[in-house]
Amino acid sequence: MTGLARVGLVASRELSAERRQPDGAVAAVTFVAVLVLLESLVVGPSRARDATVAAALFWIALAFAAIVVAMRSFDRELDDDALDALVVLPGGRDALFGGKVLALAATLGLVALVGGVLSLVLLDLPLALPVHVVLVVVLGVVALAPVVVVDVVLALRLRARAALVPILALPVLVPQLVSATQGAAAALTGDATAALAWSGILLAFALVYGVVGLTIVPAAIE
Amino acid sequence: MTGLARVGLVASRELSAERRQPDGAVAAVTFVAVLVLLESLVVGPSRARDATVAAALFWIALAFAAIVVAMRSFDRELDDDALDALVVLPGGRDALFGGKVLALAATLGLVALVGGVLSLVLLDLPLALPVHVVLVVVLGVVALAPVVVVDVVLALRLRARAALVPILALPVLVPQLVSATQGAAAALTGDATAALAWSGILLAFALVYGVVGLTIVPAAIE
Amino acid sequence: MRTVEACASLHDATVVIDDRVILRDVSLEIGPGLTVLRGPNGAGKTTLLRALAGLVPLARGRRQATGELLYIGHRPMLLHGLTARENLTFFARFRGTPADGVAGALAAWGLADRADRSVETLSAGERRRASLARLDAEATGLVLLDEPFADLDDAAVSRLGEAIARARGDGRAVIVATHARHELDQDGARRVGIAAGALTTP
Amino acid sequence: MRTVEACASLHDATVVIDDRVILRDVSLEIGPGLTVLRGPNGAGKTTLLRALAGLVPLARGRRQATGELLYIGHRPMLLHGLTARENLTFFARFRGTPADGVAGALAAWGLADRADRSVETLSAGERRRASLARLDAEATGLVLLDEPFADLDDAAVSRLGEAIARARGDGRAVIVATHARHELDQDGARRVGIAAGALTTP
Amino acid sequence: MIETTFPRGFALRIRPWLGIAAAASFAVASVMALAWAPTDAVQGDVYRIMYVHVPAAWLAYLAFVVVFLASVGWLWSKRPWFDAAAVASAEIGVLFTGLALVAGSIWAKPTWGVWWTWEPRLVTTAVMFVMYVGYLLLRSLSTDFDRRATRAAILGVILVLDVPIVHLSVLWANSLHQLPTVLRAGGSPALDSAMLLTLMVSVAAFTLVYLYFMSARVAIELSRRMTIWGAAGAQPPRLP
Ligand code: HEM
Ligand SMILES: Nc1ncnc2c1ncn2[C@@H]1O[C@H](COP(=O)(O)OP(=O)(O)OP(=O)(O)O)[C@@H](O)[C@H]1O
Ligand SMILES: Nc1ncnc2c1ncn2[C@@H]1O[C@H](COP(=O)(O)OP(=O)(O)OP(=O)(O)O)[C@@H](O)[C@H]1O
Ligand SMILES: [Mg+2]
Ligand SMILES: [Mg+2]
């Protein structure tokens with residue numbers, strides 16, 4: 001069995017547990033939805049309708065959703081020491097990291113889809129370059145996933161890990177969030193060049209963190 | 001041992017576990033802080049500095065923080081079935097509900113203090129009626145706590161509870177959040193009458209949910 | 001330590017979880033002395049103890065209980081993040097018992113030097129010892145123990161045997177569900193069998 | 001089922017957790033056949049097994065291991081939310097073993113009719129049976145079992161005895177840490193003692 | 001044994017000299033910064049804060065790059081020395097970042113009229129500060145030597161990406177902060193030569209202070225390890 005097949009196996013195990021008990025995903029969708037709703041309700045729809053504000057809110061919500069989903073997925077593994085059973089498998093650590101990143105990206109993709117459609121419809125946003133919007137969202141999700149998984153792994157089994165993960169992850173995510181917000185706003189308002197430039201930056205982030213994660217992180221999974 | 005003393009005992013057990021592993025509180029503080037920071041970063045300081053926007057953000061963050069802290073506190077109890085040990089004690093269910101509400105309100109008070117000071121300083125907000133601001137924040141916290149605990153209890157041990165709690169809690173909280181936002185904004189900008197009126201509404205919410213919670217919820221704890 | 005008389009009983013109790021009948025028309029009365037509950041895996045022992053403790057709602061039938069009870073399940077039921085001493089002190093104080101018995105109880109179970117470490121850093125056996133020390137620290141009339149011998153070494157097993165014997169002597173009602181220690185059934189203990197959710201020895 | 005030869009060893013292994021020395025200069029070589037690990041609560045049995053499995057880093061010393069290993073700890077280590085069948089299938093497929101052995105293994109452990117329920121709805125003994133069924137479904141050369149007899153009824157205990165005997169016969173290396181079943185030590189099993197973090201039988 | 005004693009002996013011998021050199025260069029730099037360097041035509045004397053602000057910021061960069069290198073070293077070789085170097089450098093880096101932030105704020109008040117403003121360089125610097133505070137928090141929360149070292153090392157590798165971001169942040173739109181004046185791509189520093197010399201002497205002094213702190217802190221960290229191991233009654237681990 002190749003490394004890639006194992007990653008796929010872990011990701012599919014992850015996703016089917018998530019489907020059975022959709023804690024993470026549903027929580028994240030609610031989270032995004034409610035944030036969008038409440039925001040437009042209390043802040044007033046005209047302000048929230050601004051492309052940059054809406055994009056910023058969307059990505060902040062998505063970052064928190066990522067943290068929630070990833071922590072929940074590792075918590076589920078810790079429940080009956082199931083994580084240990086995975087880690088002692090040959091190639092288990094690498095597959096675990098890869099599988100978690102893949103599953104997180106897939107779940108976030110779903111959350112982003114729901115949250116994005118909700119934002120577009122409820123806030124009545126412009127949608128000048130739909131393909132570019134999709135591109136930015138996909139790359140943003142791919143750029144978020146590895147960082148969040150890395151931070152959850154680093155805080156694994158520590159006291160106060162629920163506190164540590166946001167503290168560690170959010171500062172590291174700031175550049176990605178800013179890029180994703182700018183990129184999404186550009187795509188919404190029709191600035192193709194800017195949208196592509198920000199997409200490139202997101203891609204670079206995704207690659208750097210993905211590679212760094214895959215090479216050094218599995219050793220820390222215990 | 002009276003019922004009140006038991007409530008105090010449960011709350012102090014709760015708070016000392018929280019102090020030892022400050023998952024909930026620190027996560028909530030980070031959450032509020034990061035939301036304020038990121039928001040002002042991506043939305044731009046001038047917009048975030050608006051009293052209503054700032055207050056809305058603050059209360060949304062606090063509502064999520066309340067959910068996180070409450071779920072974390074029950075999760076900790078479920079870890080080794082510690083909840084069952086509490087529930088079989090004489091008067092255990094009532095003390096559990098009261099203690100959790102008390103501990104949650106105390107923790108949220110701390111979170112609100114830190115988050116409030118951060119918002120005031122970082123966003124350079126006006127502060128026309130400090131006493132009224134404190135009043136609104138205290139009553140808002142007291143109005144949030146019982147609702148959130150009730151929802152966590154209702155979702156206890158259910159599959160997908162992490163998803164269920166926000167779905168259940170947030171819609172119920174919308175009136176409180178709107179009142180708290182309006183009250184805080186009024187107090188910040190110097191409208192004493194409005195601040196007091198909204199405080200009254202918050203007090204009413206706190207009383208209603210507190211009494212309803214104490215009378216019917218403990219039976220649902222299993 | 002003064003113990004209050006207590007007893008619990010189920011009358012025609014039926015428990016349904018997830019649309020499956022787990023206990024079917026169980027009637028059982030627990031009085032002072034030792035009751036040993038025996039039955040294969042999945043027979044419903046845990047569910048029966050939890051029904052007696054009032055932890056599962058009955059779909060049909062009635063539960064009656066007087067006095068305070070102590071229930072220790074498959075898991076040690078201690079709050080993570082607190083030390084063994086803090087956990088036991090909490091329970092004792094909640095019951096209004098003075099908490100001075102706690103240190104002695106922990107020492108008797110060989111945990112004097114581990115009483116001030118967070119319970120999640122204890123070994124499996126140490127954690128179970130800490131939870132069983134509640135038997136000595138809380139003088140409840142009714143004691144429900146689910147598989148209490150698991151993870152214990154020989155010294156702790158005989159310590160538990162003594163604790164159960166002493167509890168019987170004090171007139172407490174003790175019910176133990178276990179697969180181990182068949183010698184418990186001797187000495188005038190009552191033996192209750194269960195299989196597939198129904199009592200086999202009425 | 002084809003089994004790969006495997007063995008594991010520790011050389012002067014020291015484990016430090018929270019600045020406390022849990023294992024001190026332990027040297028141990030595990031070869032084919034049964035090794036029984038005995039020692040009081042808190043002696044370091046679990047830590048030793050985890051060190052052999054590579055789950056705790058050694059502060060000093062070396063671990064060597066060849067071949068695949070199966071480790072089942074105090075907890076059953078199955079993923080909540082998935083069924084017993086899904087859990088076992090996952091492990092088998094991860095190892096590249098065909099997953100057709102899973103149904104048979106679950107049936108042999110008496111779980112045929114419970115194989116498709118989420119593992120967290122199983123009783124304690126049923127859950128342990130499900131995790132022990134991995135012994136049959138995964139043909140690893142090295143098997144590490146921590147207190148595997150806990151929660152099992154008599155039928156399952158003898159089933160486990162047979163499974164261990166068969167694993168020995170297949171030339172697998174099996175190491176069992178347990179307080180129960182003193183009869184395991186007979187029949188040419190190797191007996192390793194541990195106390196306060198150091199081996200007592202070298 | 002020789003392996004163990006050589007670097008420690010060397011460090012012990014060189015540390016007093018490092019201390020003296022740091023103190024001396026600091027004195028020289030102070031005199032130059034406060035008295036010798038000319039007053040700025042636009043800002044007056046406030047600009048002298050630069051001689052603290054800029055070296056502190058640059059040494060923070062250096063410290064975090066050293067954290068990165070030491071982290072790679074630990075992941076590569078698992079030698080305790082690398083972990084000690086990483087934690088020492090991270091603590092000093094946080095200290096210097098804090099100093100740059102405080103000095104920058106003090107400088108901002110008279111020049112920009114506010115203590116703090118939302119501006120890329122300032123925000124990214126604050127974010128860098130928070131990141132490494134998080135790094136130290138992670139270390140303080142895990143107690144187990146090896147695991148802590150590995151976890152921290154991974155974070156040390158990841159966080160270094162922020163250093164170039166802070167450096168380049170001024171190039172983003174609507175920056176209020178000084179654009180690169182000294183470290184400019186192509187072209188010589190746009191600064192009066194006396195000021196430049198003073199700045200360079202300050203940077204040298206800060207570097208010596210950094211090195212002195214490092215040697216002291218690494219020694220403390222290593223001896224703490226040895227004490228814990230000794231108290232636990234175990235043989236200490238191999239040192240480089
Ligand atoms: C809290 C506020 C401030 C922060 C956080 C801050 C941060 C920094 C940082 C991180 C650097 C190093 C840049 C690099 O070389 O990559 C730097 C350099 C510098 N800062 Fe500030 N700064 C602040 C306020 C100020 C103010 C008010 C001034 C003057 C008006 C100023 C003038 C400079 C100058 C001249 C440099 C050297 C630039 C170069 O040559 O590259 N800074 N600052
Ligand atoms: N996370 C931890 N932090 C601190 N000490 C620990 C931790 N885990 C285990 N210990 C200590 O290490 C010692 C050995 O624990 P271990 O779990 O290996 O014992 P064991 O022999 O398996 O005991 P048991 O028979 O109770 O299962 C115990 O004294 C325990 O308190
Ligand atoms: N939450 C649940 N959902 C569905 N079925 C359950 C649930 N909990 C228990 N059961 C089923 O109820 C039956 C009785 O379980 P119980 O835990 O009472 O058995 P037990 O006699 O204690 O077994 P063991 O000896 O294994 O501890 C089992 O068949 C089990 O699968
Ligand atoms: Mg049971
Ligand atoms: Mg053990």
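See the structure above.
Conventions adopted
The residue numbering used here restarts from 1 in each chain and proceeds along that chain's sequence as written. As a convention, the first chain written is A and the first ligand written is 1, with the rest following in written order. Only residues with pLDDT of at least 70 get local features here, since the model is predicted, and only at 80 or more are side-chain atom pairs given and counted; chain-wide, interface and lining totals rely on the full set of residues. Excluding hydrogens and water, the side-chain values take into account all heavy atoms of the structure. Residues are counted as near a molecule or strand when any one of their heavy atoms sits within 4 Å of it. Side-chain atoms alone can form a polar contact between residues adjacent in sequence; in general such a contact is a pair of N or O atoms within 3.5 Å, and within protein one must be able to donate a hydrogen while the other accepts it. Every accessible area reported is derived by Shrake-Rupley at a probe size of 1.4 Å, with residue values counting cover from the shown protein chains alone. Secondary structure is summarised from DSSP: a helix means a run of H or I of at least four residues, a strand means a run of E of at least two, and numbering begins at the N terminus for each. Throughout, the ten residues Ala, Val, Leu, Ile, Met, Phe, Trp, Tyr, Cys and Pro are labelled nonpolar, Asp, Glu, Lys and Arg are labelled charged, and all others, Gly among them, are labelled polar. Ligating atoms shown are N, O and S within 2.8 Å of the metal, or 3.2 Å for Na, K and Ca, and water is not included, meaning a site may look less than complete. Exposure classes here rest on a 1.4 Å probe applied to the protein chains alone. A residue is buried below 20% of its type maximum, exposed above 50%, and partly exposed in between. Take the buried Ala, Val, Leu, Ile, Met, Phe, Trp, Tyr and Cys residues and link them wherever side-chain atoms come within 4.5 Å; each set so joined is a nonpolar core. In this document the domain limits rely on a domain assignment from an automatic tool or a database. Should any heavy atoms of two residues lie within 4.5 Å, those residues are considered in contact. Between the rings of Phe, Tyr and Trp (Trp by its six-membered ring), a pair exists once the centres lie within 6.5 Å; its type follows the angle of the planes, with under 30 degrees stacked, over 60 edge-to-face, and the other angles tilted. Two conditions define a charge located above a ring, namely a distance within 6 Å from the ring centre to NZ of Lys or CZ of Arg, and an angle within 35 degrees of the ring normal.

J.: Any chance you could break down the site of ligand 2 for me, citing the residues and the numbers?
T.: Lining the immediate environment of ligand 2, one finds 21 residues, of which C:Arg117, C:Ser123, C:Gly125, D:Thr46 and D:Thr47 sit closest. Ligand 2 sits at a junction of chains, with neighbouring residues supplied by chains C and D. Contact distances for ligand 2 include 3.3 Å between a nitrogen atom and a backbone N or O atom of C:Thr121. Bound to the protein, ligand 2 loses 89% of the 630 Å² it would expose on its own. Elements supplying a minimum of two residues to the shell around ligand 2: α4 (124–132) of chain C together with β2 (20–30) and α1 (45–53) of chain D. Of the residues in the shell around ligand 2, the class split is six nonpolar, 10 polar and five charged.

J.: Give me the coordination of the magnesium ion (ligand 4): which residues, what numbers.
T.: Residue and element names in this part refer to chain C. At this site the magnesium ion (ligand 4) is bound by Thr 46 (OG1) and His 74 (NE2), with donor distances of 1.9 to 2.2 Å. Taken together, the residues span a long stretch of sequence, with Thr 46 in helix α1 (residues 45–53) and His 74 in the loop between β5 (69–72) and α2 (84–94) at a distance of 28 residues. Thr 46 gets classed as partly exposed once you look at its relative accessible area, which sits at 24%. For His 74, a relative accessible area of 25% corresponds to the partly exposed category.

J.: Tell me what's going on with the site of ligand 1, and back it up with residues and numbers.
T.: Residue and element names in this part refer to chain E. In the region of ligand 1, 23 residues are neighbours, and His 53, Trp 58, Tyr 61, His 167 and His 177 sit closest. For ligand 1, an oxygen atom lies 2.6 Å from a polar atom in the side chain of Tyr 61. At 2.4 Å from an oxygen atom of ligand 1 is found a side-chain nitrogen or oxygen belonging to His 167. Of all elements in the fold, only α2 (50–77), α3 (80–112), α4 (120–141) and α6 (162–168) reach the threshold of two or more residues within the shell around ligand 1. Considering every element that reaches the shell around ligand 1, the biggest residue donor is α3, with seven residues.

J.: Can you break down the nonpolar core residue by residue, with the values?
T.: Core analysis: the largest hydrophobic core is formed by 210 residues, its most contacted members being A:Trp59 and A:Leu62. Ranked by residue count, the leading element in this core is helix α4 (residues 51–78) of chain A, at 18 residues. Here this core spans two domains, and each of domain 1 (1–68 + 140–202) and domain 2 (79–139) of chain D adds at least three residues to it. Ignoring any residue separated from it by four or fewer positions in sequence, one finds A:Leu62 in contact with A:Val32, A:Leu108, A:Val111, A:Ala112, A:Val141 and A:Leu144. Among the nonpolar cores identified, the runner-up in size contains 135 residues, and B:Ala143, B:Val147, C:Ile22 and C:Phe149 belong to it.

J.: Before we move on, can you summarise the side chain of A:Arg76 with the specific residues and values?
T.: Looking at the secondary structure, you find A:Arg76 in helix α4. Discounting residues that sit within four places of it in the chain, A:Arg76 has contacts with A:Glu14, A:Ala17, A:Glu18, A:Gln21, D:Leu79 and D:His80.

J.: Quick rundown of the packing of aromatic side chains? Include the residues and the values.
T.: Here the structure, examined in full by the defined rule, presents 15 aromatic pairs over all chains. Taking 5.3 Å as the distance between ring centres and 80° as the angle between the ring planes, the aromatic pair formed by B:Phe58 and B:Trp59 counts as edge-to-face. As far as the burial class goes, B:Phe58 and B:Trp59 line up, both buried. Here the aromatic residues C:Phe90, C:Phe91 and C:Phe94 are joined through ring pairs into a cluster of three or more. Positioned above the aromatic ring of C:Phe90 is the side chain of B:Arg13, whose terminal nitrogen or guanidinium carbon lies 4.5 Å from the ring centre.

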